[in-house]
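Chains, contacts and geometry: an overview
Below are the chains, spelled out letter by letter.
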Amino acid sequence: MKTFSDKVRDIVRKIPKGNTMTFKAVAAKAGNPKAARAVGAIMRTNDDPSIPCHRVIASDGSKRGHVRPRPRPAQQ
């Protein structure tokens, strides 16, 4: 059985280019409509580039909590 986190990642991975979903919609589709904040926490800790976490937005349409790790510059 998949965990809630696995379900969220699978749902977000399937959001087509040019489309978005709200944290609440992702939570509902994953089986817990009251877990929008948990979806945010899962997206915040995402480091898998195959999961387009920038396509998950707040209910008011704003972007929130999107943090993609950036490569660090090489030290000299």
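The model shown is predicted, which means the values in this text are computed figures rather than measured ones.

Considering the pattern of salt bridges
Any two side chains of opposite charge can pair, on the condition that their charged atoms come close. Considering all chains together, one arrives at four salt bridges under this definition. Put simply, Asp10 and Arg13 hold a salt bridge, and the shortest N to O gap is 3.1 Å. Of this pair, Asp10 and Arg13 both sit in helix α1 (residues 4-13), three residues apart, which is roughly one turn of that helix. Residue Asp48 is joined to Arg13 by a salt bridge in which the shortest nitrogen-to-oxygen separation is 3.5 Å.

Quick word on the nonpolar core
Ranked by internal contacts, the top residues of the largest apolar core, which has 16 residues, are Val8, Val12, Val26, Val39, Met43 and Val56. Elements represented by at least two residues in this core include exactly α1, α2 (23-29) and α3 (36-44).

Focus: the confidence of the model for the chain
Averaged over all residues, the pLDDT of the chain equals 87, while 84% of them reach at least 70. Across the chain, the secondary-structure element scoring lowest on mean pLDDT is strand β2 (residues 56-57), at 92, and the one scoring highest is α2, at 97.

As for the side chain of Asn46
Along the chain, the position of Asn46 falls in the loop between α3 and β2. Side-chain polar atoms of Asn46 contact the backbone nitrogen of Asp48, separated by 3.0 Å.

Focus on the environment of Ala30
As for its placement among the helices and strands, Ala30 is situated in the loop between α2 and α3. Put simply, Ala30 and Asp6 are 24 residues apart on the chain and 9.0 Å apart in space, counted from C-alpha to C-alpha. Once you skip the residues sitting within four places of it in the chain, Ala30 turns out to touch Phe4, Lys7, Val8 and Ile11.

Looking at α3
Every buried residue belonging to α3 is among Val39, Gly40, Ile42 and Met43, and all of these are buried. The buried residues of α3 occupy one face: seen down the axis, they fall within an arc of 160°. Looking at the buried positions of α3, the neighbouring elements they touch are α1, α2 and β2.

Conventions adopted
Positions within a chain are numbered from 1, following the residues in the order the chain's sequence is written. Residue-level local features of this predicted model are given only where pLDDT is at least 70; pairs of side-chain atoms are given and counted only at 80 or more, and the full residue set underlies all totals for whole chains, interfaces and linings. Remark: hydrogens and water are excluded; side-chain values derive from all non-hydrogen atoms of the structure. When a carboxyl oxygen of Asp or Glu lies within 4 Å of a side-chain nitrogen of Lys or Arg, that pair is called a salt bridge. By definition, any uninterrupted DSSP run of H or I lasting at least four residues is a helix, any uninterrupted run of E lasting at least two residues is a strand, and each is numbered from the N terminus. Definition used in this section: a nonpolar core is a set of buried Ala, Val, Leu, Ile, Met, Phe, Trp, Tyr and Cys residues joined via side-chain atoms within 4.5 Å. Exposure classes here rest on a 1.4 Å probe applied to the protein chains alone. A residue is buried below 20% of its type maximum, exposed above 50%, and partly exposed in between. Confidence of the prediction at every residue is given by pLDDT, a number between 0 and 100. Two N or O atoms count as a polar contact when they lie within 3.5 Å, although within protein this holds only if one can serve as hydrogen donor and the other as acceptor, and sequence-adjacent residues are included solely when both atoms are side-chain atoms. Should any heavy atoms of two residues lie within 4.5 Å, those residues are considered in contact. Throughout, the arc means the angular range of directions from the helix axis out to the C-beta atoms.

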